[in-house]
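Inside the fold
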Amino acid sequence: MRPEKKERMLILGAGAAGLSAADAIRSVNPDSPVTIVSGEKGLPYARMALPYYISGKIPVKGIFTGMRRDFSGRKIEYIPGDPAVGLDTHRQKVLLRSGLALEYGKLLVATGSVPEYPDMLAGLDAPGICNLWTLKDALQIKRRIEHGGAIAVWGAGFVAFMAAKALAMHGRKVYLICRANRILRRVLDEGAAGLMEHALSEKGVVCLKDTNVEHIGVLKGGKKHIVLDGGRELAVDVLIVALGTRPNTGFLHETPLAGKKGLEVDEYLGTRIPGIYAAGDLALVRDCVTGERIAHALWSAAVREGRGAGLNMAGDRHQCDLSLLMNVIDLGGYGAVSVGHPLLANNTEVYQFADKAGKAYRRLVFQDRRLIGAIIVGRCTDTGFFPALIRGVPELTQARKQKILRFPWNIAPALLGL
Ligand SMILES: Cc1cc2nc3c(=O)[nH]c(=O)nc-3n(C[C@H](O)[C@H](O)[C@H](O)COP(=O)(O)OP(=O)(O)OC[C@H]3O[C@@H](n4cnc5c(N)ncnc54)[C@H](O)[C@@H]3O)c2cc1C
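Heads up: these notes are all about the structure in this document. (Residues numbered from 1 in each chain as written. Predicted model: local features only at pLDDT ≥ 70, side-chain atom pairs only at ≥ 80, totals over all residues.)

Okay, unusual backbone geometry next. The linkage connecting Val-393 with the following residue, Pro-394, adopts the cis geometry, with an omega of -5°. By the secondary structure assignment, Pro-394 is in the loop between α7 (385-390) and α8 (398-406). With phi around 50°, Leu-184 is a residue other than glycine that occupies positive phi space. Looking at the secondary structure, you find Leu-184 in the loop between β11 (173-177) and α5 (190-202). Positive phi outside glycine occurs at Asp-210, with the angle close to 50°. Relative to the elements of secondary structure, Asp-210 occurs in the loop between β12 (205-208) and β13 (213-218). (Helix = DSSP H or I, 4+ residues; strand = E, 2+ residues; numbered from the N terminus.)

Given below as structure tokens:
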């Protein structure tokens, strides 16, 4: 039965943050009324599993998260396919698209982010043009590429990279249309991006850089005809648009929480309105390097923040650590890791190392006697030490720093005092 009282803990979003929050609430309080609302129909699933599904590595059932069997058994009410469209913070009510109004005692906003779409370009609504963001997108891509064909991915950020990699590993011809002069430009420098582009090309991905889509048409038989700004033309079966994301906060626009960049939270994941929490892709959390509040759009951050928010909603005061950015990019055993802020340019000391074989690369960035960021490509065995060092554990003494710079391919001995 639906709880009507204001004791309800209401979670908006059944993604990484929302489900982690529900788990945390249940770990403290087995009986409090918990309701999860999802904007999408069906059972909750993991977005980050979608590339593995379209590549054929896992079956569709592998993307659904474990909670699916547990909702009723764990006394959690689950309302799928009915997105929140409004919030009344005075009356403590959330309005859903169906007209249902849900009262809450504590509210978690964990509605993630939404893909950016280019405006003013005709032809984007043709069949076979989609994002790789939802299960619906993934099912469409999978269906269309079942019998071969070429794919273009428009964008060169993390999701674009994951899509290109998945489809290339599936034996498809893939074009990556990159507006900048390198792929993954927010997390990799030119040296690292160059190695990853080379590795992608060995898997069959053609990286088209410094270019953009100018025109999209549909050919006889359904192929997409793409004209790039340099005049090059492509004919593909599927065009995946992956041009970045923005926080999914549209339904909050008439509330005091509204903010284009996301929802600011304190170390307890609370927003500026008592009783309302935020976690996941839309939460602006304090960064451990810069101290600024930014969105760390990562699965691990969403799970950690969701857990923190859930514990606090259940009354178990839990302070979250400062957040650390870390992107792991794997290409079938060859990979890159970007941790902290390796591209920050203010008062930094930058060291770059490349091996003779042209396979491994490192960029270490120091500021005020701290390591603030690193990019590691190729040789990644000591990667696990970097997050701790950036957090200042152990302290970066002058002796340690010198040792790291003398033996940059394995920082473990410098940290462990070997
Ligand atoms: C293809 C792909 C690959 C990825 N790979 C990785 C990876 O390898 N590593 C990594 O760290 N991260 C990866 N990510 C990012 C990761 O998936 C996200 O950072 C993570 O899912 C964020 O969790 P979240 O709970 O904030 O949002 P989401 O998981 O996106 O969940 C948001 C939830 O809110 C619901 N919702 C939306 N609007 C409303 C509304 N109005 N009312 C109610 N509910 C609503 C949605 O239906 C969904 O259930 C990937 C993302 C994609 C798309």
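Moving on: the site of the ligand. For the ligand, the set of nearby residues contains 33 residues, the closest of which are Gly-13, Gly-15, Gly-39, Gly-112 and Gly-280. Going through the elements one at a time, α1 (16-28), α2 (50-54), α4 (158-169) and α6 (299-313) are the ones with two or more residues in the shell around the ligand. Each of two domains, domain 1 (9-114 + 245-313) and domain 2 (129-241), supplies a minimum of three residues to the shell around the ligand. (Near = placed C-beta within 6 Å. Domains from an automatic or database assignment.)

Attention shifts here to the environment of Leu-121. Among the secondary structure elements, Leu-121 is positioned in the loop between β8 (113-115) and β9 (129-130). Along the backbone, Leu-121 and Ile-216 are 95 residues apart, and their C-alpha atoms lie at a distance of 7.8 Å.

Ranked by size, the top nonpolar core spans 72 residues in total, and within it Val-153, Ala-163, Ala-164, Leu-176, Leu-184, Met-196 and Ile-240 carry the most contacts. Looking at which element gives the most residues to this core, the answer is α4, with 11 residues. Those residues within four positions of Leu-184 in sequence are excluded, and the remaining contacts are Ala-156, Gly-157, Phe-158, Phe-161, Ala-193, Met-196 and Ile-329. Counting residues in hydrophobic clusters, the runner-up holds 48 residues, among them Leu-107, Ala-278, Leu-282 and Leu-311. (Core = buried A, V, L, I, M, F, W, Y, C linked by C-beta atoms within 7 Å. Buried ≥ 20, exposed ≤ 12 C-beta atoms within 10 Å, placed from the backbone. Contact = placed C-beta atoms within 7 Å.)

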